[in-house]
Structures are given as C-alpha cells and as structure tokens.
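# Residue-level structure breakdown
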Amino acid sequence: MDKLFLYNTLTRAKEEFKPIATSPQDLTPALSLRRRGSAVGLYTCGPTVYNYAHLGNLRSYIFEDVLKRVLLYNGYEVKHVMNITDVGHLTGDRDMGEDKLEKGARREGKSAWEIAEFYAKAFKEDIKKLNIIEPDIWCKATDHIQEQIDLIKKLEEKGYTYETSDGVYYDTSKFKDYAKLSHLDLETLREGARVEINPEKKNLTDFALWKFTPKGVKRQMEWDSPWGAGFPGWHIECSAMSMKYLGEHFDIHCGGVDHINVHHTNEIAQTEAATGKSPWVNYWLHGAFLNIAGGKKMAKSEENFLTLENALIKKGINPLAYRFAALQTHYRKPMEYSEEAMKNAERGLEHLYNQTRELALPLLRKERAGVRSLAVIKKFKNKFLEAINGDLNMPRALAVAQELLKSDLSDEEKFAAILDFDKVLGLNIESAIKTSALPNEIKQLVEARENARKEKNWIEADKLRKEIESRGYAVEDTKEGIRITRVK
Ligand code: AMP
Ligand code: ZN
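Residues numbered from 1 in each chain as written. Chains lettered and ligands numbered in written order. Predicted model: local features only at pLDDT ≥ 70, side-chain atom pairs only at ≥ 80, totals over all residues. Heavy atoms only, no water.

All chains considered together, the criterion is met by three cavities of 30 Å³ or more. Considered as a void within the structure, the largest cavity measures approximately 100 Å³ in volume. Taken together, Arg-59, Ile-62, Phe-63, Val-66, Ala-326, Leu-327, Thr-329, His-330, Tyr-331, Leu-392 and Met-394 make up the full set of residues lining the largest cavity. For the lining of the largest cavity, the secondary-structure elements that each account for two or more residues are α1 (55-73) and α9 (320-327). Element by element, the count of residues in the lining of the largest cavity is highest for α1, at four residues. Class assignment for the residues of the lining of the largest cavity results in eight nonpolar, two polar and one charged. (1 Å grid on protein atoms, 1.4 Å probe; cavity = no way out; pocket = protein on both sides within 12 Å on 5 of 7 lines; lining within 4 Å. Points joined across faces, edges and corners; volume = space filled by probe spheres on them. Helix = DSSP H or I, 4+ residues; strand = E, 2+ residues; numbered from the N terminus. Nonpolar A, V, L, I, M, F, W, Y, C, P; charged D, E, K, R; others polar.)

Structure, rendered in structure tokens:
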C-alpha cells in the first residue's frame, strides 16, 4: 500500500496520513485500493460571500480539491464539508469594524441576504468552471445560529467567556495551548493583534463569540440570544458546523496560510475548550498565497482584485488554464499572478490536450497495439502516486504525465494512463479532447449529424459523417456519446 504524506501545520512536519476511521486490522490485501469504512472527514473553510472570489481564494480551493482527489485516488472515501460565511466576518480581523456582508449590501444597494445569495451562487459557478468537486455538505452560518449559540453556552458554562459592552468574548488566557497551531509565543501573537485595540478585552488575542447589535441600530442580520440581540463572531461558525457534520474528532481541516494565526487558532481554542478533548483535528493543511507581481497579496478588501471572469474568461482563456497554472506551483509555495503566466498556462494546457488527442487516433483507426504487461504501466502509475503522495507534489505529477506521454508505451496505454491521472489533475482531459479544438464548421457538421440521427434520418447522418471524415476528422459513437478526433 502506498503511504500518503501530508505536511501538517500543527507539527510543522510531513506526516504519514492515518485516517481516524480505519484501524490497521480493517485492511486486508483485497481492500488495498478501497479502504473500507474509511470516510475521511475533511473541512475546508469556505468563502465570505460579500464579493466575488478572487484568483487567490480560488487557488486555495484548487489546492483543497487536489487534496480531496488525492485521497479519493488512494481509495479513501471522503466526507467533505464547506461552510459559507454569510454573517459575522468583520472588516477588521480583531472583531472591530463592520460586518463585511452589511458593508457589501450598502455598496450595492441590496439587502445583506441578497448579497450573500448572489455571491454564494457566483462562487459555486466559479468552482464548477475550475472542475472542483463540490463538497458533500454546504453549510451556511446563518442556517446554524442555534448550534453556534449552544456552543457559546457551553464555553460560558466552562468559564471561558466574559462579557464586554459590545459582545461576549473568549478569554484566550484560559486555554493553555492557544499557540499550538501558530507556533508563535503569545507575546508575538499579541504584538500582531495590536492593530485595533479594544480596551475592554482582557487579552489582545481574545475574540468575539457573540457581538451585540449596537444600541439604536437595526442590523439586517441579527438574532436573539441569551446575551441579547446580535450576531455570531466569525470563528464560532466553523467550530459549530464542522462538529455538527464531522463529529468532535475528525481528520483534516484546511484553509489559506492567513488562517493559521487567527481564525484556525481561535477555532481550536473554542472547540477543544468546549469538548475537553484534544486533538479536535489531526491534520491542518494550509495553502500559500497567490500574489500579484511584486509579492503583494491579492485581497478581497483591495477591491481591485482579479476574478476568474475578468482575468480569464473575458479574455477568451479557458478557466481550466488557471487550474493548470495552480498545479504547476506546489501548494506551499507562493504563486505569482501575471497575464503572461496565464497565457503560458493556457498554452501548456492546450499542449496537453493536443498530445492526448493524438493518442486517441489509433484507437479509432483500430490499430490497437494491445495493452502491454501491466507492470510497464504500473511503473508510471507508481511514479505518479509517489509524486502526489509526497505532500501533493503536483509539479512533479505533471512532469510524470509528460514522461508518460513521451515514453514508448502504446498510444492505448498512454491514453488510459493519462485519463487515470486526470482523476487527480482534474483538467477535464477526456471531454476537452472530444470537442474543444474543433473548428466551427466541423462543430456545425457534427451538430447537423446529431440532429439527423435524432430524427432517424440515417442517410443524411451517413452523408454528414463522410463529409466530416473527408475534412480530416474521425467520428466514433461511444457509450458516453460521440467522439470526434483529428486524423493526421
Ligand atoms: P475568504 O473568502 O476571504 O474568507 O477566503 C477564502 C479562502 O481564500 C481562505 O481559505 C483564505 O485563506 C484564502 N485566501 C485569501 N486570500 C488568498 C490569496 N491571496 N491566495 C490564496 N488564498 C487566499
Ligand atoms: Zn473556518
């Protein structure tokens, strides 16, 4: 069995991944690729839906998608939960400033609820365009207010909270392992927190669990609670919802590196204090940032950020070129955005599609070389596994794909292997080679033939097939539908 190694921010080391649900005795050789009863619990912090996701956010979701696909490729079942932050994320990291949703609502002259719905939908469309597999469970903060209140009550009963004039706060000095994820001493953490000082907080690192609606103000999103009307702090939603869907102890929790020192640190403090159990999560994985030229991070608050739509789609670039670009950089290394980089990625992706398209031809011409001994294919599969299982080394995995394509394996073997690798790469290779690069006139002929077939006009359909073939394309009707490929 191949071992999977992942870099755990908690220990700052690459560790062998051992899922909670599978004990070694469950594993028999017959199960080597389908590890029974082993749904891995995966929680990924989702978007704050007050604006479009920018390319930086999307880089994090691509990294998490690759992680999930690698787990699936290794035979694990995965239960993936992603939240949608539609309330309570304030413009200042330290519980000061405005709620981002209410700010977005004012900016656009809509209600906070409309803003949340609109951008959540836009986000789901973006991830579809990037071929990111949807989570098994989406959960919105506003649908889980009661769970958050219950969790705060538990923390209150255990003596971890105190009230100020503007909310209920978590007393970080009561949780002895507060810095275990960040690995920073408390002094340094508190230095970092010194930007906005709330004089009523006992410690600079303390954070809001519940914020009160200020007197004389009517918020669009507010709820009753044992402490008064208001809304939950940002961090509490992830603790409450992840425990609801994945239990008090689960496998993996992810986000971008910016979440390490505050958001995830606070999530751990809340959850482990409430349950009295540790660890809550076994593996913490964090993706590095996408920067704009010059090392400046891309941030939603900058307002001039790049989206999938304005940086790629509007320019006629396939959005999957961005996924390809993201795969070319290891997820723990910063990635630099430039227009040139996107164009290069587009060329790289098109090249990969073309290489694969060529392979499909002999299969259609029936010049089948036959599948050689499995051992030869296995050699490449093992190299691929070694790359992806070495802390998701996707640049290496792409190099293995190129080695495979340039090897002396038969076209049929290469074709089968590359489609197998694409389960992890997620570049939609099979469907792309069926249609994407077809000239318009061929597309029209194909469409006309499909229509003729639907009408059972076989003579016309046959005539159109010959027309397509005379223009240098092979037509194959497969179980999955029609496949058109260029014949050299
Ligand atoms: P947000 O919608 O701001 O809550 O962020 C959603 C995700 O994007 C989180 O996992 C962040 O850590 C991540 N993120 C934010 N900015 C960047 C960036 N420039 N590069 C990569 N990931 C980012
Ligand atoms: Zn979170």
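Aromatic rings in a pair are described by how distant their centres are and how their planes are angled relative to each other. The final tally for this structure, using the stated rule, is 17 aromatic pairs. Aromatic pair Tyr-61 and Phe-123: ring centres 4.9 Å apart, planes at 70°, arrangement edge-to-face. Taken together, the residues span a long stretch of sequence, with Tyr-61 in helix α1 and Phe-123 in helix α3 (residues 112-129) at a distance of 62 residues. As far as burial versus exposure is concerned, Tyr-61 and Phe-123 are alike and both buried. On the basis of an interplanar angle of 0° and a centroid distance of 3.9 Å, the ring pair of Phe-384 and Phe-421 is categorised as stacked. Of this pair, Phe-384 sits in helix α11 (residues 374-389) while Phe-421 sits in helix α13 (residues 411-425), and the two are 37 residues apart along the sequence. Each member of the pair Phe-384 and Phe-421 is classed as buried. Joined through ring pairs, the aromatic side chains of Phe-17, Tyr-76 and Tyr-283 make up one cluster. (Phe/Tyr/Trp six-rings, centres within 6.5 Å; stacked < 30°, edge-to-face > 60°. Buried < 20%, exposed > 50% of the residue type's maximum accessible area, 1.4 Å probe, protein only.)

Right, let's talk about the layout of surface pockets for a bit. Empty space among the atoms can be located by rolling a probe the size of a water molecule over them. Each pocket or cavity is described by its volume, and for the second largest pocket that value is around 350 Å³. Mapped onto the lining of the second largest pocket, the elements with two or more residues apiece are α2 (100-108) and β8 (207-212). A breakdown of the residues in the lining of the second largest pocket according to their chemical character gives five nonpolar, four polar and nine charged.

This brings us to the coordination of the zinc ion (ligand 2). Of the protein atoms, only Cys-45 (SG), Cys-238 (SG), His-263 (NE2) and Glu-267 (OE) coordinate the zinc ion (ligand 2), at distances of 2.1 to 2.6 Å. For the zinc ion (ligand 2), the four donor atoms are set out with angles of 69 to 128° between them, so the coordination reads as irregular. Motif for the zinc ion (ligand 2), donor spacing along one chain: C-x192-C-x24-H-x3-E. Here His-263 and its partner Glu-267 are both found in helix α7 (residues 260-275), four residues apart, which amounts to about one turn of the helix. In this structure, His-263 and Glu-267 share a single accessibility class: buried. (Donors = N, O, S within 2.8 Å, 3.2 Å for Na, K, Ca; no water. Tetrahedral: all angles 85-135°; square planar, octahedral: opposite > 155°, others 65-115°.)

Attention shifts here to the nonpolar core. Ranked by size, the top nonpolar core spans 78 residues in total, and within it Leu-55, Leu-58, Ile-252 and Tyr-322 carry the most contacts. When residues in this core are grouped by element, the largest group, 10 residues, is from α1. Residue assignment places this core across two domains, with domain 1 (5-287) and domain 2 (318-328 + 339-428) each supplying three or more. Look past the residues within four positions of Leu-58 in its chain and what remains in contact with it is Ala-53, Phe-123, Asp-126, Ile-127, Leu-130, Leu-308 and Tyr-322. Counting residues in hydrophobic clusters, the runner-up holds 52 residues, among them Tyr-160, Phe-207, Trp-210 and Trp-284. (Core = buried A, V, L, I, M, F, W, Y, C linked by side-chain atoms within 4.5 Å. Domains from an automatic or database assignment. Contact = heavy atoms within 4.5 Å.)

It is worth spelling out the sheet that holds strand β4 (residues 78-84) at this point. Across the sheet, five strands lie side by side as β5-β4-β3-β10-β11; this open sheet has parallel pairing. Each edge of the open sheet carries a strand with a single partner, namely β5 (137-140) and β11 (281-287). Averaged over all pairs of adjacent strands, the angle between their axes in this sheet comes to 20°, without regard to strand direction. Pairing analysis gives four bridges linking β4 to β5, with the strands arranged parallel. Opposite Val-81, over in β5, you have Ile-137 as the bridge partner. Where helix α6 (residues 234-246) meets the sheet, it contacts β3 (40-44), β4, β5 and β10 (250-256), and its direction lies at approximately 150° from that of β4. (Pairing = 2+ DSSP bridges. Axes fitted to C-alpha atoms, helices over the stretch in contact; angles between N-to-C directions.)

In the vicinity of ligand 1 lie 17 residues, with Gly-56, Ser-60, Asp-258, Leu-290 and Lys-300 positioned nearest. One of the side-chain nitrogen or oxygen atoms of Asn-57 is found 3.0 Å away from an oxygen atom of ligand 1. Secondary structure elements with two or more residues in the shell around ligand 1: α1 and β10. Per-element accounting of the shell around ligand 1 gives the leading share, four residues, to α1. Of the residues contributing to the shell around ligand 1, the split by class is six nonpolar, nine polar and two charged. (Near = heavy atom within 4 Å. Polar contact = N/O pair within 3.5 Å; in protein donor to acceptor, adjacent residues only side chain to side chain.)

A few words on the side chain of His-263. For His-263, a relative accessible area of 1% translates into the label buried. For His-263, the side chain forms a polar contact with the side chain of Glu-267, separated by 2.7 Å. If we skip the residues at most four places from it in the chain, His-263 touches Cys-45, Trp-234, His-235 and Cys-238.

The next subject is the pattern of salt bridges. A full pass over the atoms with the stated rule returns 29 salt bridges. The salt bridge partner of Lys-176 is Asp-177, with a shortest N-O separation of 3.8 Å. Residue classification places Lys-176 among the exposed residues on the basis of a relative accessible area of 77%. Judged by its relative accessible area of 32%, Asp-177 is partly exposed. (Salt bridge = Lys/Arg side-chain N within 4 Å of Asp/Glu carboxyl O.)

Our next topic: unusual backbone geometry. Residue Pro-279 is reached from Ser-278 by a cis peptide bond, and omega for that bond is -5°. The backbone phi angle of Arg-12 is positive, close to 55°, even though this residue is not glycine. Position of Arg-12 relative to the elements: it lies in the loop between β1 (5-8) and β2 (13-16). Residue classification places Arg-12 among the partly exposed positions, given a relative accessible area of 32%. Phi at Lys-456 takes a positive value of approximately 60°, unusual for a residue other than glycine. Structurally, Lys-456 is set in the loop between α15 (440-454) and α16 (458-470). Take Lys-456: its relative accessible area is 61%, and that puts it in the exposed class.

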